[in-house]
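Residue-level structural notes
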Amino acid sequence: TVNNNVPAKTVAEFIAYVKANPGKVNLASSGNGTSVHLSGEMFMAMSGAKMQHVPYRGAAPAITDLLGGQVQVIFDNMPSILQHVRAGSVRALAVTSTAKSPLLPDVPVLADTIPGYEASALFGMGAPKNTPKEIIAKLNKEINEILAEPAIKAKLVDLGGEPLIGPPEAFGKMIAAETDKWKKVIEDAKVELIHETPSRIAAAIGWAKNDLITAEHYCAAPGDPLATLLPGSRERALVVVRVAVGV
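Conventions used here
- Residues numbered from 1 in each chain as written.
- Predicted model: local features only at pLDDT ≥ 70, side-chain atom pairs only at ≥ 80, totals over all residues.
- Heavy atoms only, no water.
- Axes fitted to C-alpha atoms, helices over the stretch in contact; angles between N-to-C directions.
- Helix = DSSP H or I, 4+ residues; strand = E, 2+ residues; numbered from the N terminus.
- Parallel < 35°, antiparallel > 145°, perpendicular 65-115°, else oblique.
- Left-handed = near helix turned anticlockwise from the far one by under 90°.
- Contact = heavy atoms within 4.5 Å.
- pLDDT = per-residue confidence, 0-100.
- Phe/Tyr/Trp six-rings, centres within 6.5 Å; stacked < 30°, edge-to-face > 60°.
- Buried < 20%, exposed > 50% of the residue type's maximum accessible area, 1.4 Å probe, protein only.
- Pairing = 2+ DSSP bridges.
- Right-handed = clockwise from strand over helix to strand, strands pointing away.
- Salt bridge = Lys/Arg side-chain N within 4 Å of Asp/Glu carboxyl O.

What follows covers the packing of helix H3 (residues 59-68) against helix H4 (residues 78-87). Running from N to C, H3 and H4 point in directions that differ by 25 degrees, and their axes come no closer than 11 Å. Between H3 and H4, the angle falls in the class roughly parallel. When the axes of H3 and H4 are compared, the crossing they make is right-handed. Contacts between H3 and H4 pair Ala 59, Ile 63, Leu 66 and Leu 67 from the former with Ser 80, Ile 81 and His 84 from the latter.

The pLDDT averaged across the protein works out to 82; a share of 78% of its residues lies at or above 70. Here residues 195-236 is a poorly scored stretch, pLDDT under 50, and it has 55 contacts once near neighbours within four places are set aside; other chains count.

The next thing to look at is unusual backbone geometry. Backbone geometry at Lys 190 places phi at a positive 55 degrees, although glycine is not the residue there. Tracing the backbone through its elements, the reader meets Lys 190 in the loop between helix H7 (168-189) and helix H8 (198-209).

Attention now goes to the packing of aromatic side chains. Tallied over the full model, the rule gives two aromatic pairs. Look at Phe 43 and Phe 75: their rings are 5.1 Å apart centre to centre, the planes differ by 50 degrees, and that puts the pair in the tilted class. With Phe 43 in helix H2 (residues 35-47) and Phe 75 in the loop between strand S4 (73-74) and H4, this residue pair connects regions lying 32 residues apart in the sequence. According to the relative accessible area criterion, Phe 75 is buried, its value standing at 4%. Members of the aromatic cluster, joined through ring pairs, are Phe 14, Phe 43 and Phe 75.

What follows deals with the pairing of strand S3 (residues 52-55). The pairing of strand S2 (residues 26-29) with S3 spans four bridges and is classified as parallel. Bridge pairing in S3 links Asn 26 to Gln 52. Traced from S2 through H2 to S3, the parallel crossover comes out right-handed.

Tallied over the full model, the rule gives five salt bridges. With a shortest N-O distance of 2.6 Å, Lys 184 and Asp 188 are connected by a salt bridge. Of the two residues, Lys 184 and Asp 188 both sit in helix H7, four residues apart, roughly one turn of that helix.

Before going further, it helps to examine the packing of helix H5 (residues 133-148) against helix H6 (residues 150-158). Interhelical geometry of H5 versus H6 gives an angle of 70 degrees and a closest axis separation of 5 Å. With respect to H6, the axis of H5 lies roughly perpendicular. Contact residues: H5 offers Ile 146, Leu 147 and Ala 148, while H6 offers Pro 150, Ile 152, Lys 153 and Leu 156.

Pasting the structure below:
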């Protein structure tokens, strides 16, 4: 999504615009190492269009500066940017999902211009690693039934989400694949992730000791103490909802 003062009307035009204006196009994100940031890094790597990354403390201030023209582009999650696109305050050039969004039917897929590009945020539910399989199966069944209810499904879609109803094993494979994908983006872009505040670290350690999160869920900078304090446990995946990133 770009500020309305950016002359590009298509992804191809935007890539050409960035290359013609080196060092002048600012890429906003909701924070260093977030899906919004990494989606932009992957775009730069695959397109060759280099921009200046400007991390914010959340999506709200990033969008505020996008609206004001202090930054020119953001690869934001659909729920937080959709209202501004619909209002005409900013311009959506593409969606980063593999198919067009029913919420923005006239907006093309980014992969039409950059083959192989796909970025989406996953929101899922998990349980402690020692949860019995029969409990996992029951929870998966019940939650999937709720996600399939017309009213729930319609609300999620209206927010830019896509319920992915399926077995826990499919979600687990998705997590593994996404981890490998974004690990490569982080390494190739040499992204240095900022350390968390002490209170956030303490909270995360507490969650880990109760088997509620794993080391893989925390993106730690090299040498971050949390990376060594987290136990190497594994969650059992239950269900997942995908949200398009980078409209």
